[in-house]
Amino acid sequence: MTAVQTQARTSNVQQQKRRRGLSDRAIINLFIWPTLLLLILWNAFPLFYSLFLSFTEYSAIARKEPVWVGLANYQDILTDPQMWKYFATTGRYALVTVGMQTLLGFGLALLVREKFKGSGLITTLILIPMMLSPVVVGLFWKLIYNPAFGFFNYLIMQTTPGKAPDMLAGTIARTPVPNLALWAVALVDIWMWTPFVMLLALSGLKAIPDYLYEAAVIDRASSWFQFRRITLPQVAPLLMIAVLFRTIEAFKGFDLVMGMTGGGPGDQTELIAVNLYRQAFQGQFRTGHASALAYIILIIIIAISNLYIRYLNGLREEG
Amino acid sequence: MSDFYEVGPAEPVVISTRVDKVSPKARREHNVRAAIVIAIAMFCLLPIFVMSMTAFKTRSDAVSAPPKLLFKPTLEGFVFLFTERALVPPARAQELLASDTTDLSLFERVALSSGQEITGPSDYVGRLKNSLIIAGVSTIFSVVLGFFAAYAFSRFDVPGKDDLMFFILSTRMLPAVVVTIPLFLMYRQFGLHDTYQGMILLYTVFNLSLAVWLLKGFIDEIPLEYEEAALVDGYSRIQAIFKIVLPQAMTGIAATVVFSLIFAWNEYAFALMLTSDKARTAPPTIATMLGRGGIEWSAIAAGSLGFLIPVAIVVFLLRDYLLRGVTFGAVRR
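Cut-off values and rules
- Residues numbered from 1 in each chain as written.
- Chains lettered and ligands numbered in written order.
- Predicted model: local features only at pLDDT ≥ 70, side-chain atom pairs only at ≥ 80, totals over all residues.
- Heavy atoms only, no water.
- Axes fitted to C-alpha atoms, helices over the stretch in contact; angles between N-to-C directions.
- Helix = DSSP H or I, 4+ residues; strand = E, 2+ residues; numbered from the N terminus.
- Left-handed = near helix turned anticlockwise from the far one by under 90°.
- Contact = heavy atoms within 4.5 Å.
- Nonpolar A, V, L, I, M, F, W, Y, C, P; charged D, E, K, R; others polar.
- Buried area = accessible area lost by both parts, 1.4 Å probe.
- Salt bridge = Lys/Arg side-chain N within 4 Å of Asp/Glu carboxyl O.
- Polar contact = N/O pair within 3.5 Å; in protein donor to acceptor, adjacent residues only side chain to side chain.
- Buried < 20%, exposed > 50% of the residue type's maximum accessible area, 1.4 Å probe, protein only.
- Arc of directions from axis to C-beta.

**Student:** Looking at this structure, how should I read the packing of helix α2 (residues 24-53) of chain A against helix α10 (residues 176-189) of chain B?
**Tutor:** Packed helix pairs are specified by the crossing angle of their axes together with the interaxial distance, meaning the distance between the axes. Put simply, α2(A) and α10(B) touch, their axes get as near as 9 Å, and they point 115 degrees apart. The interaxial crossing formed by α2(A) with α10(B) has right-handed handedness. Along the contact surface, α2(A) presents A:Leu41, A:Trp42, A:Phe45, A:Pro46, A:Tyr49 and A:Ser50, while α10(B) presents B:Val178, B:Val179, B:Pro182, B:Leu183, B:Leu185, B:Met186 and B:Tyr187. Class assignment for the residues of the contact of α2(A) with α10(B) results in 12 nonpolar, one polar and no charged.

Written out as structure tokens, the structure reads:
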């Protein structure tokens, strides 16, 4: 059924209903405005105030009024090669973590899709990593990765002192390995947030009516065909929402990394959001500069989200 | 409309057993699948297992190398978490322990055996209560508001729908780090600093974008035909929502409850900035245990474990909704 037909049919019914109960217009206003109003009230001031600050030289801890500097903060950030490096690191991190979370989450959802004895309990248990506070998770993995008394090295059976890896320092046998620390942090992110994707994919899978598969089986369609033509398109809208929110978080999240490495060793795990936190709340409290950086991040997130949403709407129209 | 009546709503809806799911081969695959899932779950839970063990270890056992799998369990972590303590001279501690231990509570005995005396309950107890109220109420708010907004966006031709939906999503995009300072100023101005109302509304606002988007995704999946039939039969729109859409959207609602609760329960940065005492939640408290003379791993583990349990219970109670399939999906096309 196309969208146009759907609308035509709803409005048909709507016309008949107009006299009974609230009018549709009243219902729309009643349903939407409380949400919009809250969102506007809570976001307008922070949004515009930080936009203003992004054009100023200002520190939240200094007792000085913001000084207008125009585009200097933006220019500063965009011409700093160091910043571009942080953006590149964030891009790689987002690609790997969101990619793996999607693959593993969807795979897990396919596995737990059919009920078995105790599947309710098992699913609850699988969701546990997501239920923990990111700050605590960061701290705890620091303990787990610890080369002297952590469990991780025992798990991969590399415990010889001097030869064992120190994941968060990014070294194996005291020799630095490029990006090792970044992937160690990414592993924790994947561990923690795969359940998020799994739960959404699972509810998408559960909404697929059985008769589609039955028809496919009667037509002797291969399981690959069933997956490609039924499962994937039907689950895609919810899966895309999960991917969208995970991507946004990958660009914003700093708490896991702050807990584990604080951006180190060197600047290996210095994600753009970690750097933002550092500028905003450490050392000089460069509030104006940090606001400008936040706006650059916001623009990137908006661009990526738009791409996703366009793709998502494309899927909806096909389906 | 017309084709809807040609199909006719009179046919009973039959929940079928999938024809391809009863053969012995399918059964065997089913068992293998269950085994794989359980194995993966166990593997994912290893870090949680480590955390649970650490919660029952003493300070020195928690950082022993190699990590101890077998150890003498102690409640030290929990005692440190829930109480304020003062050091007592070892001789005095021994004397107290030896004298008449029946007077001493379990917690007091544990504290004494590590050379400390309980002086009172810690802040943690009150903070846990704050967390319960703030996270609970804000979750209800965001799910209720989100459900109605999502319904309107899904079913009506709202003017500027795509832009409004994008606006709702965009409220989640600005990094929290820069929002905290303007929010702090705003909250101080309006007397919302360190209040329940302030934190509840803040978390509601934060969760609304996910709630609206998720619930719209779920409501979009519910066939229009049921509501139309109900409306034609004389239900008002509101009745149709409560009797038809709400029960069908339970999976989505359960998922939204879980996500909103997890966020509000664990939120750290805003809580640290916008509360000081009255409305402070537990996460900043757990993190500040770092500061006091070396990392108290067992107290942090105990705190995290205890803090995990309420959410885990809610998820477990909602599991049937989360895992439920469509109840009648036969009209989809």
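**Student:** Before we go on, may I ask you to explain the interface of chain A and chain B in this structure?
**Tutor:** Many authors give the size of an interface as the accessible area that is lost as the parts come together. At the interface, 110 residues of chain A touch 124 residues of chain B. Both faces considered, chain A and chain B share a buried interface measuring about 10,600 Å² in area, 78% of it formed by carbon and sulfur atoms. Residues A:Glu114 and B:Arg33 are paired through a salt bridge, measuring 4.0 Å at the closest nitrogen-oxygen approach. Summed over the shared surface of chain A and chain B, the number is 11 residue pairs in polar contact (both at pLDDT 80 or more). Sort the elements by how many residues they give to the side of chain A that touches chain B and α2(A) lands first, with 20 residues.

**Student:** When you look at helix α10 (residues 210-218) of chain A in this model, what are you seeing that I'm missing?
**Tutor:** In an α-helix there are 3.6 residues to a turn, and that puts residues three or four apart on one side. Residues and elements named next belong to chain A. Within α10, burial applies to Tyr213, Glu214 and Ala216. Looking straight down α10, one finds that the buried residues subtend no more than 160 degrees of arc, so they occupy a single side. Looking at the buried side of α10, the elements it contacts are α11 (223-252). Downstream of α10 by a residue or two, Arg220 has a phi angle that is positive, lying close to 55 degrees.

**Student:** Please explain the environment of B:Pro47 as it appears in this structure.
**Tutor:** Relative to the assigned elements, B:Pro47 resides in helix α3 (residues 46-55). For B:Pro47, the residues in contact, after removing those within four places along its chain, are A:Trp141, A:Ile144 and A:Trp191.

**Student:** Could you clarify how one ought to interpret the packing of helix α5 (residues 119-126) of chain A against helix α17 (residues 297-322) of chain B in this entry?
**Tutor:** Between α5(A) and α17(B), the shortest axis-to-axis distance is 9 Å and the interhelical angle comes to 145 degrees. In the packing of α5(A) onto α17(B), the handedness of the crossing is right-handed. From α5(A), A:Gly120, A:Leu121 and A:Thr124 reach across to α17(B), where they touch B:Ala312, B:Val315, B:Phe316 and B:Arg319. Residues that form the contact of α5(A) with α17(B) fall into these classes: four nonpolar, two polar and one charged.

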